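# Inside the fold
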Amino acid sequence: MDYLDALEAHSIYILREAYNRLGKLGMLWSIGKDSTVMLWLAKKAFFGHCPFPLVHVDTTFKIPSMISYRDKTAAELGLDLIVHVNREAIEAGLGPESGRLKCCAALKTEALQQVVRLHAFEGLIVGVRRDEEGSRSKERVFSERNAHDEWDYAHQAPEFWDQFKTEFPKGHHIRVHPLLQWTEIDIWRYIGREKIPVIDLYFSRDGERYRSLGCLPCTGRIQSSAATVEEIIAELEHTTVSERAGRAQDREDAYAMQKLRKAGYM
Amino acid sequence: MGARERFLKLVLVGHVDHGKSSVIGRLLYDTGSLPQGAVDKVRRIAVETGKRFEFAYLLDAFEEEQKQGITIDTTRLRFHTAKRGYVIIDAPGHKEFLKNMISGAADADAAFLVVDAARGVEEQSRRHASMLSLLGIRQVCVIANKMDLVDYAEDAYLKVKEDMEAFLETLGLRSGACIPLSALEGVNVLGGSDKLPWYGGRSLIETLDALPGAPDFEQSVLRLPVQDVYKFDTRRIIAGRLESGLLRVGDLVAVYPGGRRTRVASMPLWPDEGKTEAVAGESIGITVADEFFNRRGEVIGHASDPPPVTRVFRASLFWMGKRPLIRGRDYKLKIATQAVPVRVRDILRVVDAARIDAVSAGAAHTGAVHAGAAHIGAVHAGAARPETGVNDAAGVEMNDVAEVIIAAREPLALDLFSVCRATGRFVLVDGYDVAGGGIVTGIESEADGFCFFVRGEMKVSCDLFEEYFYSLDEQAVNKRSARAAVYAVGNLIPLKGESFSYPEFFDIVSLPDDAAIRIRSGRVAEILPLAAYGYEGLPLVNGRGFALRVRSSEDWRRCLGDYSPNAGEDADFAAKWLDFSAYRSIPFTKGNWEI
C-alpha cells in the first residue's frame, strides 16, 4: 500500500464506522473538490452506493456555475440531495454587505443548524481537512456538537486507536471528518489517480483559477496557469501561499475561523 | 516525494515547558516545509498580541492556548527530508492534557522525548515515557533541548542522557539516541555544529533518517474484524479493515468467537472488479461461501492461527477519566470492532508514573515496578490514593497506570498485544467518554463476577443482587458485585440482601437483553424473550433491580415505546420510568472499598 492507499483505507473505515454506529446520517456536499472526493470514497466504502443523503447549504451567493454543476451532477448520479437555504435570513436582507462574519454566521452556520434540526441528523459527515486552517487542526474524527451545535474543543475526550466517540447524550450530534488527515495535494493526487470528475472552476482560464470554492463575493481567484490536475499538483508542490488565501472571511481577524467554528460552522 | 512513499509518523512528547513546539517549529522551518500563509499568520498574531515571534507559535492556532502559553491539542504536520516524508504529531505536555497526548502519540511509529537540558528530567518526562511504553511504541529517542541555556556543556547533556536512559530501562524501553539540541538557535537540527565539539553522534534530521520504517504487518497472523454486514443489493458483503496478515479469495477462514468455518468467495470492489488479494491496512469487503449469520465484532482468522477467545484477560492500562476507575463498576470495552460491558475484576497493581521519581533510583525502584503481581485478598479500610506499586488497590486515579484483570460479559476474540496490535489494544468508555486505554498482556481463566439467567441458548445478564453503599469516608456511593452465579428455571433466587429486598412474586424485564424472567414464590418460573412476554399486573423491575413505574398494560406499552435500543436506559428513560428506592436502599458504610 502506498500513502494514498493508506489515506483511502482510513477514510473508508471512518465512513463505515459512522454508518454503523450513528443514527440518521447526512453528508455535506459543497460541490468542491474535497466533498467530491468524499462522495467518491463513500461509494467505494459502500460498494457503489451512497446510503445517506447529501446536504448542500446554499447561501444563494455561490459562484453560479457551482449551482448548475450541482444540479447536473445530482441528476446524472441520481443523488439524494437536500438543498437548504436560510430563507428567513435572506428575506431579512442578509448578505455580504451585512458584514462577512455576520453573513457567514447566518447563511452557513445557522443554515447548517437548521438543516441538522429539520432532518434530525445524528451524524453529519463533513470534508474538512486538518491542514486547511489552524482551528481545524484541533478536530477529532468524530467530533461532538452539543444541543446548541457548539464545539467544546478544550474538553474533548481522547481519540485514539480509531475508537471514535459513539456515546453522547440525546440531542447532541457528531460531526464526522473522514478527510481530516488529507492535505490539499493529497486530494489532487487522489483525484488524478482515480480520475474523479471535478468542477472546471479549479482549472486555469485567462491565467487565473479558483483554489478554494465559496461564495462569489468573498472568494477570489489566484494567478495560475494550471489547467489540468497534473499541472495543479505541480503548482502545489512549489507554492508557499496557503489554500484559503482567497477566502475573505479568514482574514477578518486572526481568530475569525476559530470563532465561527466554535459556534458550529463547518 | 512520490505518492508511493509512506510517511513515518513521529510524536514529540515531554514536559510542557521543555520546548517541544519550538523543536517542531524549527524542524519545519529548517526543512522548508512551512507555507507562506502560516508564517504570515503567526507574525500577524505576534504583532496583535505584542509578543516576540517564536517558532512555537506556528503550532498554536487558538486564542486560549496563547493566553495560557500551552498547546491544547494534537496537530499533524508533514515535512520531508531528502530521504523520506514524516508526519509530526504534536503531543501537548500539560498534565491536564494527557488525554490529548495519548490521542496523538497512540498512532506513532517513533517517539522523541524532549527534555530541557537546564532543568533536567521532570515528572512529565517520566509520565510520558511510561505512556509511550504502554502505547506499544518501541522506538524512542531523547532530545536534550535548550543546550544554549547551559552554554552547550557536555555534563548537562550527559545528566539528561543518563537519567532518561536509566528510567527507560525500567520500562523495558531502549533509547535509540540522545541528541543535544538548541531549537532556539537551530543547533544540531540539520547537521553538526561547532558549538558541540564533544558530540560525535547524529543530528536530529540524521537520526530521523536512520530510523527503520513502519513495521510490516502483512507477515503476521490473519485478523479481519467484522465492521459491518451490507446488503445494498443482491450481494451480502462482510466489510472490515484487514488489521493484520494477508487474505486471498478461496482462503478457508474461521469466524470467531464462534469458530464457524467458511471460504472467501469474492472480494467486491467499486468501481473496479476482480480483486483477489488484500493486505494489512486495507478496508475491504468479502463474500463467503456459507451464508450463516455474521455480525459486527466477530473476528475472521485462519483456523490454523486462531485468536484466543475469552471473557477474562489481564491488561496494562492507563486511566484518563475525571472520576477514578473503580473495581467492580461497569464500563464499556471497545476492542477493534467489538464493544461489550466489562468490569475490572482485580486491580493487581497501580503505578503512579510520576511517583516513581520519589523512589530511589536504580535497583530499588526497578524492584518496585517489577514486584510480583501477588494478589492480596484484604483491602485496607480507607485505602486512599494508591501509592507507587500498590498491590490490590480498589481504584485507579486519573493519569495512573495499572495492571488489571478485566472480565467481559460476553466472550471476546482478542490477541496478546505482542501478537497483534489492533486486536490486542482496547479502550474503556465511562459514561459518554473514552476514559482509559490499554493493551492485553495475558489470557485468564473464566471465573468471573457476573450473574446470569440461563435457558438453553438464552443468557440474560442479571445485576439484581449487587449491593449499593454510601461510604462515609469516601463520601460516594459504591457498588459491590454479587458472587458469580447462574440461575435456571426452578432455581431459588436471593430475595433479600443488605441493600435490596424483592417481593416473592414479580417479573424482571431486561430491555437491553430483550428478555423477561418471571419470579414466582422466590423461584425462577420462566425465562422468555420479550416478544413472548405479557404484563400480568405483578411488580416489574429492570435488570438492576430498579422498579419500573408500570401499573397497567397501557403503561407497559408506553414504557416499551420509550425505550430505544440505541440510547439504552438513558437519563430521560430512567427519570420517567425507573424507581430506585422501591426495592433498594443505600445503607451507610464506613470507608471500605471492598466491591
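Residues numbered from 1 in each chain as written. Chains lettered and ligands numbered in written order. Predicted model: local features only at pLDDT ≥ 70, side-chain atom pairs only at ≥ 80, totals over all residues. Heavy atoms only, no water.

## What to know about the overall build of chain B
- Broken down by element type, chain B carries 10 helices and 35 strands.
- Among the 595 residues that make up chain B, the fraction classed as buried is 55%.
- Of the contacts made within chain B by residues no fewer than 6 positions apart, 71% connect residues no fewer than 24 positions apart.
- By element, 50% of the accessible surface of chain B is carried by carbon and sulfur atoms, the whole surface being about 24,400 Å². (Helix = DSSP H or I, 4+ residues; strand = E, 2+ residues; numbered from the N terminus. Buried < 20%, exposed > 50% of the residue type's maximum accessible area, 1.4 Å probe, protein only. Contact = heavy atoms within 4.5 Å. Areas by Shrake-Rupley, 256 points an atom, 1.4 Å probe, with all protein chains shown as cover.)

## Some thoughts on the overall build of chain A
- Assigned secondary structure in chain A consists of 8 helices and 8 strands.
- Per-residue burial for chain A yields a buried fraction of 63% across its 266 residues.
- For chain A, restricting intrachain contacts to residue pairs at least 6 apart in sequence, the fraction spanning at least 24 positions comes to 74%.
- A total accessible area of about 9,500 Å² is found for chain A, and carbon and sulfur atoms account for 51% of it.

## Quick notes on the sheet that holds strand β4 (residues 123-125) of chain A
Residue and element names in this part refer to chain A.
- Judged by pairing direction, the sheet is mixed, and its 6 strands sit side by side in the order β3-β2-β1-β4-β6-β5 without closing on themselves. Because the sheet does not close on itself, it has two edges, and the strands there are β3 (81-84) and β5 (142-145). Put simply, the sheet's adjacent strands are angled 30° from each other on average, direction ignored.
- Sheet analysis places β5 next to strand β6 (residues 173-176), joined by 4 bridges and oriented antiparallel. Looking across to β6, one finds that Arg 145 is bridged to His 173.
- Of the strands in this sheet, β1 (25-28), β4, β5 and β6 are in contact with helix α1 (residues 3-21), which crosses β5 at around 40°. (Pairing = 2+ DSSP bridges. Axes fitted to C-alpha atoms, helices over the stretch in contact; angles between N-to-C directions.)

## Here we look at helix α5 (residues 100-119) of chain A
- Taking 1.5 Å of rise per residue, the 20 residues of α5(A) would be expected to cover 28 Å, and the 27 Å separating its terminal C-alpha atoms lies within 8% of that figure.
- Ala106(A) marks the point of greatest bend in α5(A), at about 30°. (Expected span 1.5 Å × (residues − 1). Bend = angle between axes of the 7 residues up to and from the residue.)

## Focus: the packing of helix α2 (residues 33-45) of chain A against helix α6 (residues 184-194) of chain A
Residue and element names in this part refer to chain A.
- Interhelical geometry of α2 versus α6 gives an angle of 55° and a closest axis separation of 10 Å. It follows from the interaxial angle that α2 and α6 lie oblique. For the pair α2 and α6, the sense of crossing is left-handed. Listed contacts from α6 to Lys 33, Asp 34, Val 37, Trp 40, Leu 41 and Lys 44 of α2 are Glu 184, Ile 187, Trp 188, Tyr 190, Ile 191 and Glu 194.
- Looking at the contact of α2 with α6 residue by residue, the class counts come to 7 nonpolar, no polar and 5 charged. (Parallel < 35°, antiparallel > 145°, perpendicular 65-115°, else oblique. Left-handed = near helix turned anticlockwise from the far one by under 90°. Nonpolar A, V, L, I, M, F, W, Y, C, P; charged D, E, K, R; others polar.)

## With respect to the confidence of the model for chain B
- When pLDDT is averaged along chain B, the result is 81; 81% of the residues meet or exceed 70.
- Note that pLDDT drops below 50 for residues 356-390 of chain B; the model gives that stretch 55 contacts with residues more than four away or on any other chain. (pLDDT = per-residue confidence, 0-100.)

## Quick word on the sheet that holds strand β10 (residues 252-256) of chain B
Residues and elements named next belong to chain B.
- Taking strand neighbours around the barrel as the criterion, the 6 strands line up as β7-β8-β13-β11-β10-β14 in a closed arrangement whose pairing is antiparallel. If you compare each strand with its neighbour and ignore which way they point, the axes differ by 50° on average.
- Note: strand β7 (residues 224-230) against strand β8 (residues 237-241), 4 bridges, orientation antiparallel. By the bridge assignment for β8, Asp 228 is matched with Ala 239.

## Remarks on the nonpolar core
- Counting residues in hydrophobic clusters, the biggest one holds 74 residues, and the most contacted among them are Val37(A), Phe142(A) and Trp188(A).
- The biggest single contributor to this core is α1(A), with 8 residues.
- When sequence neighbours within four positions are dropped, the list of residues in contact with Val37(A) reads Leu179(A), Trp182(A), Ile187(A), Tyr190(A), Ile191(A) and Ile196(A).
- Grouped together as the second largest cluster of nonpolar side chains are 69 residues, Val11(B), Val121(B), Ile137(B) and Met164(B) included. (Core = buried A, V, L, I, M, F, W, Y, C linked by side-chain atoms within 4.5 Å.)

## Observations regarding helix α9 (residues 553-562) of chain B
All names here are of chain B.
- For α9, the full list of buried residues reads Asp 555, Trp 556 and Cys 559. Seen from one end, α9 has its buried residues packed into an arc of 100°, which puts them on one side. Exposed residues lying more than 90 degrees from the buried face of α9 are Arg 557 and Gly 561.
- Where the residues of α9 are buried, they touch β29 (506-510), β32 (540-541), β33 (547-548) and α10 (571-577). (Arc of directions from axis to C-beta.)

## Looking at the pattern of salt bridges
- Scanning the model with the defined rule gives 55 salt bridges over all chains in all.
- In this structure, the salt-bridge partner of Arg209(A) is Glu235(A), at a minimum N-O distance of 2.9 Å. Taken as a pair, Arg209(A) in strand β7 (residues 208-209) and Glu235(A) in helix α7 (residues 229-238) lie far apart in primary sequence, 26 residues in all.
- Owing to a relative accessible area of 1%, Arg209(A) belongs among the buried residues under this scheme.
- Arg248(B) serves as the salt-bridge partner of Glu277(B), at 3.0 Å between the closest nitrogen and oxygen. Linking Glu277(B) in strand β12 (residues 277-279) with Arg248(B) in strand β9 (residues 246-248), this pair joins segments that are 29 residues apart in sequence.
- Residue class for Arg248(B) comes out partly exposed when judged on its relative accessible area of 41%. (Salt bridge = Lys/Arg side-chain N within 4 Å of Asp/Glu carboxyl O.)

## Digging into the environment of Leu135(B)
- By secondary structure assignment, the location of Leu135(B) is in the loop between α5 (123-134) and β5 (140-145).
- When the C-alpha positions of Leu135(B) and Leu317(B) are compared, they lie 9.2 Å apart, and in sequence the two are 182 residues distant.
- Contacts of Leu135(B), omitting those with residues within four sequence positions, involve Trp161(A), Ile102(B), Ala105(B), Ala106(B), Phe318(B) and Phe417(B).

## Focus: the pairing of strand β24 (residues 451-455) of chain B
All names here are of chain B.
- One ladder, built from 5 bridges, connects β24 with strand β25 (residues 458-462); its direction is antiparallel. Directly across from Phe 453, in β25, lies its bridge partner Val 460.
- A loop of 2 residues connects β24 with β25, the two strands running antiparallel in sequence, and Gly 456 in this loop sits at a positive phi of about 55°.
- Examined bridge by bridge, β24 and strand β28 (residues 485-487) share 3 bridges and lie parallel to one another. By the bridge assignment, Cys 451 is partnered in β28 with Ala 485.

## Remarks on the packing of aromatic side chains
All names here are of chain B.
- All told, the structure shown has 34 aromatic pairs over all chains when counted by the stated rule.
- When the ring of Tyr 157 is compared with that of Tyr 199, the centres are 6.0 Å apart and the planes differ by 80°; the resulting orientation is edge-to-face. Pair noted here: Tyr 157 is in helix α6 (residues 154-170) and Tyr 199 is in the loop between β6 (175-180) and α7 (204-210), with a separation of 42 residues, a long-range link.
- Looking at Tyr 157, the relative accessible area reads 6%, which means it is buried.
- On the accessibility criterion, Tyr 199 (17% relative accessible area) is buried. (Phe/Tyr/Trp six-rings, centres within 6.5 Å; stacked < 30°, edge-to-face > 60°.)

## Observations regarding the side chain of Ser204(A)
Residues and elements named next belong to chain A.
- Positionally, Ser 204 belongs in the loop between α6 and β7.
- One polar contact links the side chain of Ser 204 to the main-chain carbonyl oxygen of Ser 224, over a distance of 2.6 Å.
- Those residues in contact with Ser 204, other than ones at most four positions away along the chain, are Arg 209, Ser 224, Ser 225, Ala 226 and Ala 227. (Polar contact = N/O pair within 3.5 Å; in protein donor to acceptor, adjacent residues only side chain to side chain.)

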